[in-house]
Amino acid sequence: MPDPPATAGLLLAAGAGRRYGRPKALVEWAGEPLVRHGIRLLTVGGCAPVHVVVGAGADELPELPGAVPVRHDRWPEGLGSSLRRGLASLPADVPAAVVVLVDQPLLSPVAVHRVRAAYAGGAVVAVATYAGRPGHPVLLGRATWPLLDRYAVGDRGARDLLRARPDLVVEVPCDDAGSPVDVDTPADLPRLRTVSDA
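Residues numbered from 1 in each chain as written. Predicted model: local features only at pLDDT ≥ 70, side-chain atom pairs only at ≥ 80, totals over all residues. Heavy atoms only, no water.

Asks: Is there a simple way to think about the pairing of strand S1 (residues 8–13) in this case?
Replies: A regular strand places its side chains on the two faces of the sheet in alternate fashion. In terms of burial, S1 is largely enclosed, as 6 of its 6 residues are buried. In S1, alternate side chains face the same way, and those of Ala-8, Leu-10 and Leu-12 on one face and Gly-9, Leu-11 and Ala-13 on the other are all buried. Of the pairings in the sheet, the one linking S1 to strand S6 (residues 96–101) comprises 5 bridges and is parallel in character. If you follow Leu-10 over to S6, its bridge partner there is Val-99. Across 5 bridges, the pairing between S1 and strand S4 (residues 50–54) is parallel. Paired with Leu-10 across the strands is His-51, a residue of S4. (Buried < 20%, exposed > 50% of the residue type's maximum accessible area, 1.4 Å probe, protein only. Helix = DSSP H or I, 4+ residues; strand = E, 2+ residues; numbered from the N terminus. Pairing = 2+ DSSP bridges.)

Set out below in structure tokens:
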């Protein structure tokens, strides 16, 4: 299958991870911080450039090869503000961005490629689904970014936009392309290892 048109990648990694006890960007998975897993996910999935929104723990982060760190000091306002900050940081010629969260290390580059392919096929918004439920990655065409001033508020990212404008959304089944299981507490890590070994 030919590679879809270039789209940016946006990794949201600014949160403090209060339930985990430390910023989840710093949590190690398979020998490296989750933030590096997220960068590789987007890069291998064909995204360029890749921007990483950082906030809590930003001074402790390792170098982020292949990515542009985007400092967001207003990260306590929630996920929505991080999403808007990240999109605003992208170059003006970027037509769309694939958004992922730092705490989902079992997402697959195949899913990234699929939502990019949906964009190449005309989708304005493309969302990966698992067992029929929307998850990540989510691709947002630039035309939708101004709408997020209304929908991406507090701890809500693009979810309310997807619900309010189903006419814009193309669902992309990704049940065979990784898992959206996330890391909320240290106890979740053994669960993720079980899923990854399945």
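Asks: Just checking my understanding: could you explain helix H2 (residues 79–89) for this structure?
Replies: Spacing of three or four residues puts side chains on the same side of an α-helix, whose turn is 3.6 residues. Within H2 the residues assigned to the buried category are Gly-80, Ser-81, Ser-82, Leu-83, Gly-86 and Leu-87. On its buried face, H2 is in contact with S1, S4, S6, strand S8 (133–141) and helix H4 (148–151). (Contact = heavy atoms within 4.5 Å.)

Asks: When you look at the nonpolar core in this model, what are you seeing that I'm missing?
Replies: The nonpolar side chains of a soluble globular protein tend to be buried with one another. Counting 42 residues, the largest nonpolar core has Leu-11, Val-35 and Val-52 as its most contacted members. When contributions to this core are tallied by element, the ones reaching two or more residues are S1, helix H1 (34–44), S4, S6, helix H3 (109–120), strand S7 (125–130) and helix H6 (188–197). No other element matches H1, which puts 5 residues into this core. If we ignore the near neighbours within four places in the chain, the residues touching Val-52 are Leu-11, Ala-13, Val-35, Ile-39, Leu-64, Ala-67, Val-68, Pro-69 and Val-70. In this structure, Leu-10, Leu-90, Tyr-151 and Leu-168 belong to the second largest nonpolar core, which totals 24 residues. (Core = buried A, V, L, I, M, F, W, Y, C linked by side-chain atoms within 4.5 Å.)

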